[in-house]
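# Residue-level structural notes
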Amino acid sequence: MYSIVLLVLLAGSPMTLPEIEAEALENNPDIQAATYQSRLAESRLGTAAAVEDPTFGYRAWSTPLLQPWNLNQTQHMFMLTQNIPGKGKRALKYLVASDDIDVQRLVAESKKREVIAMVRQAFYRLLRSYDQIRIHHDQLALAEQVIDATRIQYTANRALQKDVLQAGVAYSKLAEHLIIFEREADSARAELNT
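The structure contained in this document is the topic of the report that follows. (Residues numbered from 1 in each chain as written. Predicted model: local features only at pLDDT ≥ 70, side-chain atom pairs only at ≥ 80, totals over all residues. Heavy atoms only, no water.)

Moving on, we get to the overall build of the chain. Scanning the chain from N- to C-terminus turns up 4 helices and 4 strands. The helix and strand sequence of the chain, counted from the amino end, reads β-β-α-α-β-β-α-α. What you see for the chain is a C-alpha radius of gyration of 36 Å, clearly larger than the 16 Å of a compact globule of 194 residues, by over 25%. The dimensions of the chain, computed from C-alpha atoms along their principal axes, are 125 × 50 × 30 Å. A buried classification covers 25% of the 194 residues belonging to the chain. Taking the intrachain contacts of the chain between residues at least 6 apart in sequence as the baseline, contacts between residues at least 24 apart amount to 68%. (Helix = DSSP H or I, 4+ residues; strand = E, 2+ residues; numbered from the N terminus. Rg over C-alpha atoms; globule rule 2.2 N^0.38 Å. Buried < 20%, exposed > 50% of the residue type's maximum accessible area, 1.4 Å probe, protein only. Contact = heavy atoms within 4.5 Å.)

See below:
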């Protein structure tokens with residue numbers, strides 16, 4: 001197997017496929033978001049099995065409407081509450097949180113693979129487009145030779161005018177294909193840059 005070097009103008013210099021893949025893995029926002037979600041899940045692991053914080057509350061009842069400042073007639077209630085989880089609940093919360101970490105890591109890894117697949121697909125589409133353009137130029141050169149040969153034969157009365165016109169039509173159809181190949185190359189190049 002040989003290494004393919006493709007001239008892709010990213011950041012102003014030619015890049016190989018491994019360099020493009022490394023660039024995509026480093027700067028792709030979807031990968032960065034998935035990695036951030038993974039780190040966020042890891043940070044929640046420490047608090048997953050913790051007991052909830054106690055809460056303190058105050059309520060006042062029967063406050064007179066005409067004298068709201070008269071606290072002697074108001075009933076006061078101070079509350080301190082603590083939720084105590086049932087047996088095994090904290091361990092289950094911890095397991096769920098650790099499973100969430102694994103899921104987020106797998107999501108990040110699948111996003112990396114998806115981006116690498118998209119990069120490779122765009123790279124090889126661009127490579128194929130360049131090959132098509134190169135082959136197209138070779139075909140144009142051959143078509144020009146056919147037109148010249150047909151004109152010479154027509155001049156020597158060995159070919160019909162119809163043959164010269166058919167060669168010209170074939171040449172113009174080939175010229176139209178170049179536009180399609182260049183559009184495909186531009187599309188693949190833009191996808192790679194994205």
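Time to look at helix α3 (residues 89–155). Helix length check: α3, at 67 residues, gives a terminal C-alpha distance of 97 Å against a target of 99 Å (1.5 Å per residue), a fit within 8%. A positive backbone phi angle near 60° is found at Asn-157, which sits one or two residues after α3. (Expected span 1.5 Å × (residues − 1).)

The next thing to look at is a nonpolar patch on the surface. Together, Phe-56, Tyr-58, Phe-78 and Leu-80 give the surface a local cluster of nonpolar side chains, amounting to about 530 Å² of exposed area. If you list the elements that add at least two residues to the nonpolar patch, you get β3 (55–61) and β4 (75–81). Mapped onto the secondary structure, Tyr-58 falls in strand β3. (Patch = residues over 30% accessible without salt bridge, like charges linked within 9 Å, V, L, I, M, F, W, Y side chains within 5 Å. Areas by Shrake-Rupley, 256 points an atom, 1.4 Å probe, with all protein chains shown as cover. Salt bridge = Lys/Arg side-chain N within 4 Å of Asp/Glu carboxyl O.)

Before going further, it helps to examine the pattern of salt bridges. Here the structure, examined in full by the defined rule, presents 8 salt bridges. Across the salt bridge formed by Arg-120 and Glu-21, the nearest N and O atoms sit 2.5 Å from each other. Note that Arg-120 is positioned in helix α3 and Glu-21 in helix α1 (residues 17–27), a separation of 99 residues in sequence. What makes Arg-120 partly exposed here is its relative accessible area of 40%. Given a relative accessible area of 13%, Glu-21 falls into the buried group.

We now examine the packing of aromatic side chains. A full pass over the atoms with the stated rule returns 3 aromatic pairs. Note on Tyr-58 and Phe-78: the rings are 4.9 Å apart at their centroids and 40° apart in plane angle, and the pair reads as tilted. Of the two residues, Tyr-58 is situated in strand β3 and Phe-78 in strand β4; the sequence distance between them amounts to 20 residues. Tyr-58 sits in the partly exposed class, given a relative accessible area of 41%. According to the relative accessible area criterion, Phe-78 is exposed, its value standing at 58%. Ring plane angle 85° and centroid distance 5.3 Å describe the contact between Phe-123 and Tyr-124, whose orientation is recorded as edge-to-face. A relative accessible area of 0% places Phe-123 in the buried class. For Tyr-124, a relative accessible area of 38% translates into the label partly exposed. Site record: aromatic cluster; members linked through ring pairs are Phe-56, Tyr-58 and Phe-78. (Phe/Tyr/Trp six-rings, centres within 6.5 Å; stacked < 30°, edge-to-face > 60°.)

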